[in-house]
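Survey of secondary and tertiary structure
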Amino acid sequence: MNVGVLVSGSGTNLQSLIDRARRGELGPARIAVVGSNVPDCAALARARAAGLPTFVVDHRDYSARAGFDRALMTGLRAKQTDLLVLAGFMRVLGEELLGAFPGRIINIHPALLPAFAGVRAQRQAFEAGVKVSGCTVHFVDQGVDTGPIIAQSAVAVHEEDDEESLRARILAEEHRLLPAVVRAFAERRVVIEDRKVRILGGGPTGENLRSL
Ligand code: GRF
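Residues numbered from 1 in each chain as written. Predicted model: local features only at pLDDT ≥ 70, side-chain atom pairs only at ≥ 80, totals over all residues. Heavy atoms only, no water.

Okay, the side chain of H138 next. Along the chain, H138 falls in strand β6 (residues 132-139). Using a relative accessible area of 2% as the deciding quantity, one classes H138 as buried. Excluding its chain neighbours within four sequence positions, the residues that come into contact with H138 are I105, I106, N107, H109, L113, D145, T146, G147, P148, I149 and I150. (Helix = DSSP H or I, 4+ residues; strand = E, 2+ residues; numbered from the N terminus. Buried < 20%, exposed > 50% of the residue type's maximum accessible area, 1.4 Å probe, protein only. Contact = heavy atoms within 4.5 Å.)

In structure tokens form, the structure reads like this:
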């Protein structure tokens, strides 16, 4: 199964996919291509360092979303992308791109959805004073972080945490959860019925909650 990854930032989630693929831990999934809207982002450098094909579609070159979407589609289709993974991709996808990969686009979000959707989720959670937060891998739909939830992993918020330490604890969990879901998807174990998603044979769980 060919995985296309879209990135905009530091690319630590991409790196975790790369590392696990190297160790043979992604099952039948292989990273076929990495695309970005940010020409000089660290994530792209990680992809290149790993010898992966990359492409850039700078959103600033497009006046309308449709053109931007189409350019992304061209880059992804050139490498026969089956599953599209948004790993810190900071643009909302348009109808055309969503329609091109029905039920095959997933995103990692640094909070336990449906709480704290949108940007700066870790800060939202920290400022709300929650005692548990975490990360969510979900299917992407037209909304912002509103698609069906595939898997979640929780982390404790400690008394002595600041926003940054919470972010780091969640990120470490993201690095575990996203590859686990990519693998399950590639093994065709992810089944969606309406909004309910099941992972056949057992999905990743928040084992880290034991530390509470
Ligand atoms: C992660 O926290 C991810 O959940 C969010 O953006 C961040 C990307 O980090 N969507 P990285 O680029 O993978 O390091």
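A few words now on the pattern of salt bridges. Taken as a whole and judged by the stated rule, the model has 13 salt bridges. Of the charged contacts, one joins D19 and R22 as a salt bridge, the two residues approaching to 4.0 Å between their closest N and O atoms. Residue D19 and its partner R22 are located together in helix α1 (residues 12-22), separated by 3 residues, close to a single helical turn. On the basis of relative accessibility, which here comes to 58%, the residue R22 falls in the exposed class. With a closest N to O distance of 2.9 Å, E187 and R189 form a salt bridge. A relative accessible area of 30% places E187 in the partly exposed class. The exposure class assigned to R189 is partly exposed, which follows from its relative accessible area of 22%. Put simply, R123, E163, E164 and R167 are held in one network by salt bridges that share partners. (Salt bridge = Lys/Arg side-chain N within 4 Å of Asp/Glu carboxyl O.)

On to the site of the ligand, then. In the region of the ligand, the neighbouring residues are G9, S10, G11, T12, N13, G88, I108, H109, P110, Q122 and E174. With respect to the ligand, the side chain of T12 contributes an N or O atom lying 2.6 Å from an oxygen atom. At 2.7 Å from an oxygen atom of the ligand is found a side-chain nitrogen or oxygen belonging to E174. Notes on the ligand: free accessible area 360 Å², of which the protein chains cover 85%. Class assignment for the residues of the shell around the ligand results in 2 nonpolar, 8 polar and 1 charged. (Near = heavy atom within 4 Å. Polar contact = N/O pair within 3.5 Å; in protein donor to acceptor, adjacent residues only side chain to side chain. Areas by Shrake-Rupley, 256 points an atom, 1.4 Å probe, with all protein chains shown as cover. Nonpolar A, V, L, I, M, F, W, Y, C, P; charged D, E, K, R; others polar.)

These figures capture arrangement, not role.
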